[in-house]
Amino acid sequence: MLKLVNSDEVDSPPLLRRTSVRRPPPPSQTPDDLTWLKQLFCGGTAGAVAKTVTAPLSRVAMLFQVHSFVSTKGQQNPDYAHNLRAAFQKVHQREGSLAFWKGNGTSCLHRFPYSAINFATYEFAYKTMTGVVDDRAEKRAEASGGEVG
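This one's a predicted model, so the numbers in the text were calculated from it and none came from an experiment.

A. Main features of the overall build of the protein chain. When its secondary structure is counted, the protein chain shows 5 helices and 0 strands. If you list the helices and strands of the protein chain from N to C, you get α-α-α-α-α. Here the protein chain holds 149 residues, and the buried ones make up 18% of them. The contacts of the protein chain with a sequence gap of at least 6 include a subset with a gap of at least 24, amounting to 55%. Carbon and sulfur atoms make up 60% of the accessible area of the protein chain, which amounts to about 12100 Å² in all.

Structure, rendered in structure tokens:
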């Protein structure tokens, strides 16, 4: 009578042994899988850092926009500055370096929850839509980004 033997039970050279193909664990079991709170924190932090980095440009843009409203009556409203470099120099000379980040704390208070929810929702939608790996995964990834943004 023939007996079926598992290939792991037979002492054969390693190259001749039949090895099973290991599949990656499902997305919910990967070791680097972020929890919902970690995703919220990471997204919020990224948004606040990005807002802080771009704060000087936002400050100068705001000054360009509102300068004509702040000028004195009876005079023709001059431009704040003729170019971006002159505007940066003017702010730095008048108010110092920290003036570029005026109002940044309030912006970060607004940006943190917005970015956190946006990032976590994108990750949830991406994982939901790309649960099965196939050739349409890239289209579903684009769709999840469109759903969020």
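B. Looking closely at the packing of helix 1 (residues 36-53) against helix 4 (residues 104-129). Relative orientation of the contacting elements helix 1 and helix 4 amounts to 135 degrees, with a least axis distance of 6 Å. Taken together, the axis directions place helix 1 and helix 4 in an arrangement best described as oblique. In terms of crossing hand, the pair formed by helix 1 and helix 4 is right-handed. Counted by class, the contact of helix 1 with helix 4 contains 12 nonpolar, 10 polar and 4 charged residues.

C. Quick peek at the pattern of salt bridges. On inspection of all chains with the given rule, the structure shows 2 salt bridges. Salt-bridge contacts for glutamate 95 lead to arginine 59; the nearest nitrogen and oxygen are separated by 3.2 Å. Taken together, the residues span a long stretch of sequence, with glutamate 95 in helix 3 (residues 84-95) and arginine 59 in helix 2 (residues 55-70) at a distance of 36 residues. Residue class for glutamate 95 comes out partly exposed when judged on its relative accessible area of 36%. Residue classification places arginine 59 among the buried positions, given a relative accessible area of 12%. As a salt-bridge pair, lysine 102 and glutamate 95 come within 2.6 Å of each other at their nearest N and O atoms.

D. Quick look at helix 4. With 26 residues, helix 4 ought to run about 38 Å at 1.5 Å a step, and its terminal C-alpha atoms sit 36 Å apart, in line with that. Along helix 4, the helix axis deviates most sharply at arginine 111, where the bend reaches about 25 degrees; the proline proline 113 sits within four residues downstream. When helix 4 is considered as a whole, its buried residues turn out to be Asn104, Cys108, Ser115, Ala116, Ala120, Glu123 and Ala125.

E. Representation of the nonpolar core within the structure. One finds Val60, Leu63, Tyr80, Ala81, Ala87, Val91, Ala99 and Phe100 forming the largest nonpolar core, which totals 8 residues. Residue assignment for this core shows that the elements contributing at least two residues are helix 2 and helix 3. Once residues within four sequence positions are removed from consideration, valine 91 is found in contact with Leu63, Tyr80, Gly96, Ala99 and Phe100.

Reading guide: rules and limits
- Residues numbered from 1 in each chain as written.
- Predicted model: local features only at pLDDT ≥ 70, side-chain atom pairs only at ≥ 80, totals over all residues.
- Heavy atoms only, no water.
- Helix = DSSP H or I, 4+ residues; strand = E, 2+ residues; numbered from the N terminus.
- Buried < 20%, exposed > 50% of the residue type's maximum accessible area, 1.4 Å probe, protein only.
- Contact = heavy atoms within 4.5 Å.
- Areas by Shrake-Rupley, 256 points an atom, 1.4 Å probe, with all protein chains shown as cover.
- Axes fitted to C-alpha atoms, helices over the stretch in contact; angles between N-to-C directions.
- Parallel < 35°, antiparallel > 145°, perpendicular 65-115°, else oblique.
- Left-handed = near helix turned anticlockwise from the far one by under 90°.
- Nonpolar A, V, L, I, M, F, W, Y, C, P; charged D, E, K, R; others polar.
- Salt bridge = Lys/Arg side-chain N within 4 Å of Asp/Glu carboxyl O.
- Expected span 1.5 Å × (residues − 1).
- Bend = angle between axes of the 7 residues up to and from the residue.
- Core = buried A, V, L, I, M, F, W, Y, C linked by side-chain atoms within 4.5 Å.

Purely geometric stuff here, so don't read any function into it on its own.
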